[in-house]
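Structural overview
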Amino acid sequence: MKAIVLEAADRPLVLKEVEKPVFQADEVLVQIKAAALNRRDYWITIGKYAGIKYPAILGSDGAGVVAEIGSGVDKTWLNKEVIINPCHDWGNHTEYQNRDFSILGLPEDGTFAEYVKVKAEYLYAKPGHLSWEQAAALPLAGMTTFRAFFTKGKAKKGDKVLITGVGGGTGTFTLQWAVAAGCRAFVTSGSGDKIERARQMGAAAGVNYKAQDWAEQLKLMAGGFDVIIDSALGNGFDKLLDLANPGARIVFFGGTAGNIPALNGRKIFWKQLQLLGTTMGSPDDFEAMVDFVNHHQIVPVIDEVFPLAQANKAVHKMEHCSQFGKIVLKNN
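Here goes a summary of the coordinates provided. (Residues numbered from 1 in each chain as written. Predicted model: local features only at pLDDT ≥ 70, side-chain atom pairs only at ≥ 80, totals over all residues. Heavy atoms only, no water.)

1. Comments concerning the overall build of the chain
A tally of helices and strands in the chain yields 10 helices and 17 strands. Radius of gyration (C-alpha) of the chain: 20 Å, near the 20 Å computed for a compact globule of 332 residues. By principal-axis analysis of the C-alpha atoms, the chain measures approximately 60 × 40 × 35 Å. A buried classification covers 51% of the 332 residues belonging to the chain. Considering only intrachain contacts with a sequence separation of at least 6, the fraction spanning at least 24 residues in the chain is 70%. A total of about 14600 Å² of accessible surface is found on the chain, and carbon and sulfur atoms cover 50% of it. (Helix = DSSP H or I, 4+ residues; strand = E, 2+ residues; numbered from the N terminus. Rg over C-alpha atoms; globule rule 2.2 N^0.38 Å. Buried < 20%, exposed > 50% of the residue type's maximum accessible area, 1.4 Å probe, protein only. Contact = heavy atoms within 4.5 Å. Areas by Shrake-Rupley, 256 points an atom, 1.4 Å probe, with all protein chains shown as cover.)

Written out as structure tokens, the structure is:
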């Protein structure tokens with residue numbers, strides 16, 4: 001089969017022939033129709049991710065057709081159109097993943113290929129209203145933000161919500177969850193065009209985080225926020241304490257802008273704030289996310305679709321953060 005292979009850090013991805021995966025009794029072989037990129041894939045290509053092995057087939061997100069099944073798999077899965085939960089071996093606690101937890105696409109070979117093998121328990125029916133590209137965009141970013149917004153942030157109708165760094169896959173998904181849930185959403189971005197795109201999707205307003213007074217602008221617009229979803233951390237994180245309403249939840253799942261600066265703990269305890277970290281999501285989160293997508297007919301935002309052979313071009317675009325929504329690879 002053809003696959004996109006990473007042979008070493010800072011080396012271009014290579015399209016090459018590799019052996020078709022050999023699957024076990026409880027596994028299936030999915031013929032991938034489309035796969036989506038995540039920031040994780042970019043970090044792996046430059047060698048800045050834990051546990052990297054070479055050669056590697058990246059890709060956590062994928063949608064396709066079940067082509068073959070193991071002897072222990074329900075035969076009704078054969079030929080089904082599916083999406084794949086990329087979070088494997090979460091464990092028995094919904095609150096946190098166990099030590100055996102892993103993400104499809106490293107250490108196990110991922111979805112940037114014609115076929116991928118996974119356990120049948122990670123299969124979910126593809127939402128019928130989505131194209132292959134849209135369905136492929138959903139799993140990792142969708143689940144991560146769904147858990148952050150609903151499971152951890154406990155967002156509900158009428159809440160005022162702040163989404164920092166809208167534009168990438170996680171930001172656009174969070175905005176879609178907020179609008180569908182009946183929240184009043186505000187955003188930040190370093191791009192005026194992305195703020196305008198977010199407004200067209202239903203955001204009430206947005207500010208450019210490059211402005212020195214971005215937090216003051218948000219305070220004037222909204223007064224304060226009940227839920228704040230952040231994936232950057234960095235020096236601006238302390239301003240979120242001032243923007244948070246009493247009892248607010250500040251949820252974060254990334255650190256692209258660096259570490260958290262020194263915080264005034266008095267603001268946290270006096271305002272009864274909750275600072276909540278989250279990573280990926282449990283099987284319950286994934287199932288709830290798929291149900292929400294089907295119920296509200298959510299359509300993931302796609303920035304651009306590349307042929308599988310142009311994976312390097314897709315990664316280059318992600319490197320420069322120029323996209324609005326998800327970047328997808330399509331198998332011919």
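After presenting the structure, the write-up continues.
2. Some words on the pairing of strand 4 (residues 61-69)
Sheet analysis places strand 3 (residues 27-36) next to strand 4, joined by 8 bridges and oriented antiparallel. When the bridges of strand 4 are listed, Leu29 appears paired with Glu68. (Pairing = 2+ DSSP bridges.)

3. Some thoughts on helix 6 (residues 214-222)
Considered for burial, the residues of helix 6 that qualify are Trp214, Ala215, Leu218 and Ala222. The arc that holds every buried residue of helix 6, seen down its axis, measures 95°, which confines them to one face. Looking at the buried residues of helix 6, the elements they touch are strand 10 (160-163), strand 11 (184-189), strand 12 (205-208), strand 13 (225-230) and helix 7 (239-243). (Arc of directions from axis to C-beta.)

4. Quick word on unusual backbone geometry
At the junction of Tyr54 and Pro55, the peptide bond is cis and its omega measures out at -10° in the coordinates. Summarising the element assignment, Pro55 is placed in the loop between helix 1 (39-45) and strand 4. In this structure, the amide linkage connecting Leu106 to the following residue, Pro107, adopts the cis form with an omega of 10°. Even without a glycine there, the phi angle at Leu233 is positive, about 60°. By secondary structure assignment, the location of Leu233 is in the loop between strand 13 and helix 7. In this structure, Cys321 takes a positive phi of about 55° despite not being glycine. Mapped onto the elements of the fold, Cys321 is located in the loop between helix 10 (311-319) and strand 17 (326-330).

5. Topic: the side chain of Glu133
Structurally, the position occupied by Glu133 is in helix 2 (residues 132-137). Reaching out from Glu133, the side chain makes a polar contact with the side chain of Ser131 at a distance of 3.3 Å. What Glu133 contacts, discounting residues up to four positions off in sequence, is Ala34, Ile302, Val305, Val328 and Lys330. (Polar contact = N/O pair within 3.5 Å; in protein donor to acceptor, adjacent residues only side chain to side chain.)

6. Considering helix 3 (residues 139-152)
For helix 3, with 14 residues, the first-to-last C-alpha span of 18 Å sits near the 20 Å given by 1.5 Å per residue. The element helix 3 is extensively covered by neighbouring structure, given that 13 of its 14 residues are classed as buried. Among the residues trailing helix 3, Lys154 stands out with phi positive, at a value near 50°. (Expected span 1.5 Å × (residues − 1).)

7. Observations regarding the nonpolar core
For soluble globular proteins, nonpolar side chains are generally found buried alongside one another. Core analysis: the biggest nonpolar cluster contains 47 residues, and Ile83, Leu138, Phe149, Trp177 and Met289 have the highest contact counts within it. Those elements giving two or more residues to this core turn out to be strand 3, helix 2, helix 3, strand 10, helix 4 (169-180), strand 11, strand 13 and helix 9 (283-296). By residue number, the principal contributor to this core is helix 3, which donates 7 residues. Setting aside residues up to four positions removed in sequence, Leu138 forms contacts with Ile83, Pro127, Leu130, Met143, Phe173, Trp177, Met289, Val293 and Pro300. Core analysis: the second largest hydrophobic core is formed by 39 residues, Leu29, Ile32, Tyr115 and Leu329 among them. (Core = buried A, V, L, I, M, F, W, Y, C linked by side-chain atoms within 4.5 Å.)

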